[in-house]
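# Notes for the structure review
Listed below are the residues making up each chain.
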Amino acid sequence: MIDAGRFEEAFTLLQPRLLEETVEPNTLFLYGLAAVGAAQRPGRTEEDRDALLGEAIAAFHTMLVHDPNLVRVRLELARAFFLKGEDELARRHFEHVLAGEPPEAVADNVNVFLAEIRARKRWSFNLGFAVAPDTNIGGTSDERTITIFGLPFERDAEELTRSGIGLSFWGGAEYQAPVSDSLRIRAGAQASRREYARSDFDQHFVALHLGPRWLLDASTEASLLASARQRWSSAPDYHDLGVRLEAAHRLGPRVTASAQTSWHDRRYRTRTHLDGPVWDATLRGSWVVTPTVRADVSGGYAQQRPKARNERHRGRWLGTGITVALPLGFTVGGSAEMRWTDYERGWFPFVADNGPREDRTRSYRLSAFNRAVTLLGFSPELAVVRETRDSNAQLHGYSRTSGELRFVQQF
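Each chain has its residues counted from 1, following the order in which its sequence is written. Predicted model: local features are reported for residues with pLDDT of at least 70 only, side-chain atom pairs are reported and counted for 80 or more only, and whole-chain, interface and lining totals are derived from all residues. Side-chain numbers here rest on the full set of heavy atoms in the structure, without hydrogens or water.

## Notes on the pattern of salt bridges
In a structure, side chains of opposite charge can pair up when their charged atoms sit close to one another. Spelled out, the test is: Any Lys or Arg side-chain nitrogen found within 4 Å of a carboxyl oxygen on Asp or Glu counts as a salt bridge. For helices the rule is a DSSP run of H or I covering at least 4 residues; for strands it is a run of E covering at least 2, with both sets numbered from the N terminus onward. Only protein chains enter the calculation, and the probe is 1.4 Å; a residue is then buried if its accessible area is under 20% of its type maximum, exposed if over 50%, and partly exposed in between.
In this structure the tally under the stated criterion is 36 salt bridges. Where R266 meets D240, a salt bridge forms, and the shortest distance between an N and an O atom there is 2.9 Å. Of the two residues, R266 sits in strand 9 (residues 255–268) while D240 sits in strand 8 (residues 235–250), which places them 26 residues apart along the sequence. As far as the burial class goes, R266 and D240 line up, both buried. Salt bridges here are not isolated pairs; linked through shared partners, they connect E88, R91, E95, R250 and R294.

This is the structure in structure tokens:
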């Protein structure tokens, strides 16, 4: 029936089989194919269409929970997401299909889907919530004494490290208005908030951007955006006005590179000695190694030039990470990052000879979630981060262990 295009009849015949105690994988697969086919019947209401695509997605998802190496199933899942308009999820699965080295004709079709996703992109949203425990909320040193001219001085107790459990919220939206086949106008906003029992450690952030996005060719794009940012920490802390340049290029079926650089003029409400330009540049690469393994690498450079000379600094960082989808629904990930930050002279009494301050920060992150545990397409993810900063300046090194229990969208 499916081969003959009689999708609704096949769907009706297969539906009772899903109520049996044991459902064979091939039954699930045929059920998903029938649902996708039935969803595309002309004249069907959007509500019925989405319901049928939802049935197909659930069937394919169940199969991939048990065996994430099923490339054909992942292809059909990506196609169902595409038809439902869930382009970000569709893109992710299409990329993993290419990592499975499918036949040339299939790869060509996947690239057509990816090009269509890129061209039709209009609205995009993100929203999240997390419970975030932290052993050192403010990222402060646990040293109890500071030495000045060889004499020890005790720190006030309230200056020492403080632990707590925070609540974190974040969200954003962007719309891309088409001007021509190769030009879009991007307008978007992003906001985040993290709160602890002590308001001194609360953090709030809002950002806006506006500007053109060029689709330069089938695998390359670039955006030039006006950018405004505001950060609060208990009280308004600083605001930035500047520009951001973004670019992305697909190097091959499984490798994507992206770059970003920005310049902002930063102004503080009260600590005006920190006013000055901020510049940064980041390069990232992503490699879908196999249908179940993704690797990422990143590096960057940043520089701040405030009025206060001793606060002027430059930083470099390198990071790498890997995510693996395992059988039985588990997905695990790990990443590591190293940062080097160098300040100019003038750090007495923290540096005994009034020399420059040098920080070295290492961070490691482990995460895990189970794809079989979902609520409206979201799974609870547990992440643990260990961060250590070594510094030649007294009271500026620290260690902290933080965690997050948050909900992530996945299939």
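## Examining the packing of helix 4 (residues 71–84) against helix 6 (residues 104–120)
Basically, it comes down to this: For helices, the axis comes from a line fit to the C-alpha atoms of the stretch in contact; other axes are also lines fit to C-alpha atoms, and the angle between any two N-to-C directions lies between 0 and 180 degrees. Any angle from 65 to 115 degrees is called roughly perpendicular, while one under 35 is roughly parallel, one over 145 is roughly antiparallel, and all others are oblique. Note on convention: near helix rotated counterclockwise from far helix by under a right angle means a left-handed crossing. Clockwise means right-handed. Residue contacts are defined here by distance: any two heavy atoms, one from each residue, within 4.5 Å place the two residues in contact. Each residue receives one of three labels: charged for Asp, Glu, Lys and Arg, nonpolar for Ala, Val, Leu, Ile, Met, Phe, Trp, Tyr, Cys and Pro, and polar for the others, Gly being one of them.
Relative orientation of the contacting elements helix 4 and helix 6 amounts to 25°, with a least axis distance of 12 Å. Classified by the angle their axes make, helix 4 and helix 6 are roughly parallel. Crossing of helix 4 against helix 6: the hand is left-handed. Between helix 4 and helix 6, the contacting residues are L75, R79 and F82 on the first element and V106, V110, F113, E116, I117 and R120 on the second. Taken together, the residues of the contact of helix 4 with helix 6 break down into six nonpolar, no polar and three charged.

## Remarks on the nonpolar core
Stated formally: Here, nonpolar core means buried Ala, Val, Leu, Ile, Met, Phe, Trp, Tyr and Cys residues that are tied together by side-chain atoms lying within 4.5 Å of each other.
Judged by nonpolar contacts, the single largest core of 38 residues is most densely connected at V36, F60, F94 and V110. Those elements that provide at least two residues to this core are helix 1 (7–14), helix 2 (25–39), helix 3 (46–66), helix 4, helix 5 (87–99) and helix 6. For this core, the leading source of residues is helix 2, giving nine residues. Discounting residues that sit within four places of it in the chain, F60 has contacts with F29, G32, L33, V36, V73, E76 and L77.

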